[in-house]
Amino acid sequence: MRDAKFELYYWPGIPGRGEFVRLVLEEAGADWVDVGLLPESKGGGGRAVMEMLGRGPVPAYAPPVLKVGDVVFSQAANICSYLGERFGLVPTDEAARLHARQFQLTVADVVAEAHDAHHPIAAMKYYEEQKDAAKARAEDFRAQRIPKYLGHFERVLQANARARGEHLLGGDFTYPELALYQLVEGLLYAFPNAMRRIAPQVPGVMALRQRVAERPRIAAYKRSPRAQPFNTQGIFRHYPELDDPNATR
């Protein structure tokens, strides 16, 4: 399996930031291997991911890391941009490629804030050590930041007259739509009550999420054992006390 053209190094057991890269690789139909999911006997697992960090003349600080031949590089948005351009998941003109990267990086900003909603003080402290601060941070994230970010993408979709509100950029599907899909999936998992409130305000975003979920390669991947479910070890975590109160109770 390690003779695949693209080797992705990310922690096994969580979707995390690696999932944004996995989705592009799957949509592209690339020849790739998820090294973290391989058994250690085949050179995989968490140990292989750890060993990849810090290697080479330009070491990666953290996964995801992509190895393509002799080139090794990191950062989810950087990797997705490279793959999206390589596999034609974005128009060829410079402006379109810059705007696609802009959207991908904006999603990365939201992902960082979603993490800080449950770890607002220190990443190395347990959630239980910062629950009070997390409640305050999560309340602001739900009330202000999620609607603002998703509202931004809603306006981008509605302003794209060429695609009649169905795509972020130009007249066809582009790789940052995969990132927006995964962002919405994560928010639905982590903040289901809040998202029931917010979703009607962003119908275009929610419709895009459904269209991406139905893309044949993405649907097949999500049904496969390679797709790791959300859990309370990753970026998007469902702690009921951090969500909107359930109005039905």
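Residues numbered from 1 in each chain as written. Predicted model: local features only at pLDDT ≥ 70, side-chain atom pairs only at ≥ 80, totals over all residues. Heavy atoms only, no water.

Undergrad: Tell me about the pattern of salt bridges, and please be specific about residues and values.
TA: Tallied over the entire structure, the rule returns 13 salt bridges. With its nearest N and O atoms 3.7 Å apart, the salt bridge here joins Arg137 to Asp116. Of this pair, Arg137 sits in helix 5 (residues 131-159) while Asp116 sits in helix 4 (residues 94-118); the two residues are 21 residues apart in sequence, bridging distant segments of the chain. When its relative accessible area of 31% is taken as the criterion, Arg137 is described as partly exposed. (Salt bridge = Lys/Arg side-chain N within 4 Å of Asp/Glu carboxyl O. Helix = DSSP H or I, 4+ residues; strand = E, 2+ residues; numbered from the N terminus. Buried < 20%, exposed > 50% of the residue type's maximum accessible area, 1.4 Å probe, protein only.)

Undergrad: I'd like to hear about the nonpolar core, residue by residue, with values.
TA: Core analysis: the biggest nonpolar cluster contains 66 residues, and Leu150, Leu180, Leu183, Leu187 and Phe191 have the highest contact counts within it. Of the residues forming this core, the biggest block, 9 residues, is contributed by helix 5. Setting aside its immediate chain neighbours within four residues, Leu180 contacts Val107, Leu150, Phe153, Leu168, Val205 and Leu208. Membership of the second largest hydrophobic core comes to 10 residues, among which are Val33, Leu38, Ala48 and Ala60. (Core = buried A, V, L, I, M, F, W, Y, C linked by side-chain atoms within 4.5 Å. Contact = heavy atoms within 4.5 Å.)

Undergrad: Explain the packing of helix 3 (residues 76-86) against helix 4 to me, and be specific about the residues and the numbers.
TA: Running from amino to carboxyl end, helix 3 crosses helix 4 at an angle of 145°, the nearest separation of the two axes being 10 Å. Handedness of the crossing formed by helix 3 with helix 4: right-handed. Residues Ala77, Cys80, Ser81 and Glu85 of helix 3 form the contact with helix 4, whose participating residues are Arg97, Arg101, Gln104 and Leu105. Here the residues of the contact of helix 3 with helix 4 are counted per class, giving 3 nonpolar, 2 polar and 3 charged. (Axes fitted to C-alpha atoms, helices over the stretch in contact; angles between N-to-C directions. Left-handed = near helix turned anticlockwise from the far one by under 90°. Nonpolar A, V, L, I, M, F, W, Y, C, P; charged D, E, K, R; others polar.)

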